[in-house]
Amino acid sequence: MKKFKNSFYLLFGLSLALSLASAPSVCHAHSLYIQSSRYKVNVGKQAPLFFCYGHHIPVDDGVRGKKLKSVEVLTPSGKVEKMTIRQETGLQSYMVPYQEPGTYVLSAETNPGYYTIYIDKKGRDRHAVKPKSAVMENAKEITTSLHSKQFTKTYVVCQAPSEKFPARIGQRLELVPTSDITQLKAGDTLELQVYFDGKPYEGEAHWDATYNGFSTESEDNFYPRAKTTGSTLKIFIPRPGRWFVRYYIKTEPTGPEKEHCLHLKNTATLVFQIDNQPKRTKSSSH
């Protein structure tokens, strides 16, 4: 068994190195991940949700209030509680009351925004949170121009998981676990169904994933960015920890939007935690 595990990690390490060597440059637009401070809570307790926004896991840059369109909590009884978004820039942390047993879904989505990378007339790389139409006069070449929207969610269990796992909540682009993700164990394979505009998405996309503690470097992920097609994504989860999955699609703009960007980008992220066994004997004293 030990020999098998060593062979697996050796082969994975070799494929990882080859993937990194051949991977295209990473887009600099920030990615949004919603998290909970705890993933198992007791009835009557409160726990904060907060965000990772950027390129370093598990936290990075602050989120501007106007960047967020909504932050919601779906309770086990089906009630949707909307958070009042603060307009400052920060981790956008909100206390979530857990008043009934079952599985809660924490979710958020961003307001759409433009992001453009261009080479100016002096040959310098420039980045702008603007549509390409706003920089054309100063641009020699437009290399990237996106109209971007993001969707993120995570699941928290209060006391015990819901009898019916609330896998899908209706986000425009959504990663939907095919079984209860809160019961996933190290060594299992996570299977996700991808939905876009209410239907299974069969087109081309890109995904990557990592866990907290794998690397402190920017965009240095356990599973590097890879291309995929089809509506099902399977990810082997070899170890416990807090995991971050990202999936995005790009489509061609139509109509007047063609004047403002080269691609429409939709991104879905999913955060979940695989618990480990205690590593030390717990002390009875405080």
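Since we're looking at a predicted model, the values are computed, not measured.

**Examining the sheet that holds strand β8 (residues 94-98)**
Step number 1: As summarised here, the arrangement of the 3 strands in space is β1-β3-β8, forming an open sheet in which the pairing is antiparallel. In this open sheet, the two strands that pair with only one neighbour each are β1 (31-36) and β8. Neighbour-to-neighbour, the strand axes of the sheet open up by a mean angle of 30°, direction not taken into account.

**Side note on the packing of aromatic side chains**
Step number 1: Under the criterion given, the structure shown has 11 aromatic pairs.
Step number 2: Taken together, a centroid distance of 5.7 Å and an interplanar angle of 65° make the contact between Tyr 211 and Phe 214 edge-to-face.
Step number 3: For Phe 214, a relative accessible area of 27% puts it in the partly exposed group.
Step number 4: Judged by centre distance (5.7 Å) and plane angle (90°), the rings of Phe 222 and Trp 243 are edge-to-face. You can see Phe 222 sitting in the loop between β16 (204-211) and β17 (223-229) and its partner Trp 243 sitting in strand β19 (residues 241-251), a full 21 residues away along the chain.
Step number 5: Residue class for Trp 243 comes out buried when judged on its relative accessible area of 0%.
Step number 6: Taken together, the aromatic side chains of Trp 207, Tyr 211, Phe 214, Phe 222, Tyr 223 and Trp 243 make up a single cluster linked through ring pairs.
Step number 7: Between Arg 168 and the ring centre of Tyr 195, over which it is positioned, the NZ or CZ distance is 3.8 Å.

**Topic: unusual backbone geometry**
Negative phi is the rule for most residues except glycine; trans is the rule for most peptide bonds.
Step number 1: In this structure, the amide linkage connecting Ile 57 to the following residue, Pro 58, adopts the cis form with an omega of 15°.
Step number 2: As for its placement among the helices and strands, Pro 58 is situated in the loop between β3 (45-54) and β4 (63-64).
Step number 3: With a phi close to 55°, Asp 197 is a non-glycine residue in the positive phi region.
Step number 4: Tracing the backbone shows Asp 197 in the loop between β14 (189-196) and β15 (199-200).
Step number 5: Among the residues examined, Asp 197 registers a relative accessible area of 45% and is labelled partly exposed.

**Considering the pattern of salt bridges**
Step number 1: Tallied over the entire structure, the rule returns 13 salt bridges.
Step number 2: Between Lys 69 and Glu 109 there is a salt bridge whose closest N-O contact spans 3.9 Å. In this pair, Lys 69 is assigned in strand β5 (residues 68-74) and Glu 109 in strand β9 (residues 102-110), connecting sequence segments 40 residues apart.
Step number 3: By relative accessible area, Lys 69 is classed as partly exposed at 47%.
Step number 4: A salt bridge links Arg 246 to Glu 219; the shortest N-O distance between them is 2.5 Å. Remark: Glu 219 occurs in the loop between β16 and β17 and Arg 246 occurs in strand β19; sequence separation between them is 27 residues.
Step number 5: Residue Arg 246 is classed as buried on the basis of its relative accessible area of 9%.
Step number 6: On the accessibility criterion, Glu 219 (17% relative accessible area) is buried.
Step number 7: Overlapping salt bridges bring together Lys 69, Glu 109 and Lys 149 as one network.

**Here we look at the nonpolar core**
Step number 1: Membership of the largest hydrophobic core comes to 33 residues, with the highest contact counts inside it found for Tyr 247 and Phe 272.
Step number 2: Elements that contribute at least two residues to this core include exactly β12 (139-158), β13 (173-177), β14, β16, β18 (232-236), β19 and β20 (263-274).
Step number 3: It is β14 that provides the largest number of residues to this core, a total of 5 residues.
Step number 4: Counting residues in hydrophobic clusters, the runner-up holds 27 residues, among them Tyr 53, Val 96, Val 156 and Phe 244.

**Focus: the pairing of β1**
Step number 1: By the criterion of burial, β1 is predominantly enclosed, with 6 of the 6 residues buried.
Step number 2: Of the two faces of β1, the one lined by Ser 31, Tyr 33 and Gln 35 and the one lined by Leu 32, Ile 34 and Ser 36 are each fully buried.
Step number 3: Where β1 and β3 come together, 6 bridges link them in antiparallel fashion. Bridging from a neighbouring strand, Ser 36 pairs with Leu 49 of β3.

**Quick word on the environment of Gln 150**
Step number 1: Structurally, the position occupied by Gln 150 is in strand β12.
Step number 2: Sequence separation of Gln 150 and Glu 109 is 41 residues, and the distance between their C-alpha atoms is 5.6 Å.
Step number 3: Beyond its immediate chain neighbours, meaning those up to four positions away, Gln 150 contacts His 30, Ser 31, Leu 32, Ala 108, Glu 109, Thr 110 and Thr 267.
Step number 4: In this structure the side chain of Gln 150 is engaged in a polar contact, spanning 2.8 Å, whose partner is the backbone oxygen of His 30.
Step number 5: In terms of polar contacts, Gln 150 uses its side chain to reach the backbone amide nitrogen of Leu 32, at 2.8 Å.

Cut-offs and rules
Residues numbered from 1 in each chain as written. Predicted model: local features only at pLDDT ≥ 70, side-chain atom pairs only at ≥ 80, totals over all residues. Heavy atoms only, no water. Pairing = 2+ DSSP bridges. Helix = DSSP H or I, 4+ residues; strand = E, 2+ residues; numbered from the N terminus. Axes fitted to C-alpha atoms, helices over the stretch in contact; angles between N-to-C directions. Phe/Tyr/Trp six-rings, centres within 6.5 Å; stacked < 30°, edge-to-face > 60°. Buried < 20%, exposed > 50% of the residue type's maximum accessible area, 1.4 Å probe, protein only. Lys NZ or Arg CZ within 6 Å of the ring centre and 35° of its normal. Salt bridge = Lys/Arg side-chain N within 4 Å of Asp/Glu carboxyl O. Core = buried A, V, L, I, M, F, W, Y, C linked by side-chain atoms within 4.5 Å. Contact = heavy atoms within 4.5 Å. Polar contact = N/O pair within 3.5 Å; in protein donor to acceptor, adjacent residues only side chain to side chain.

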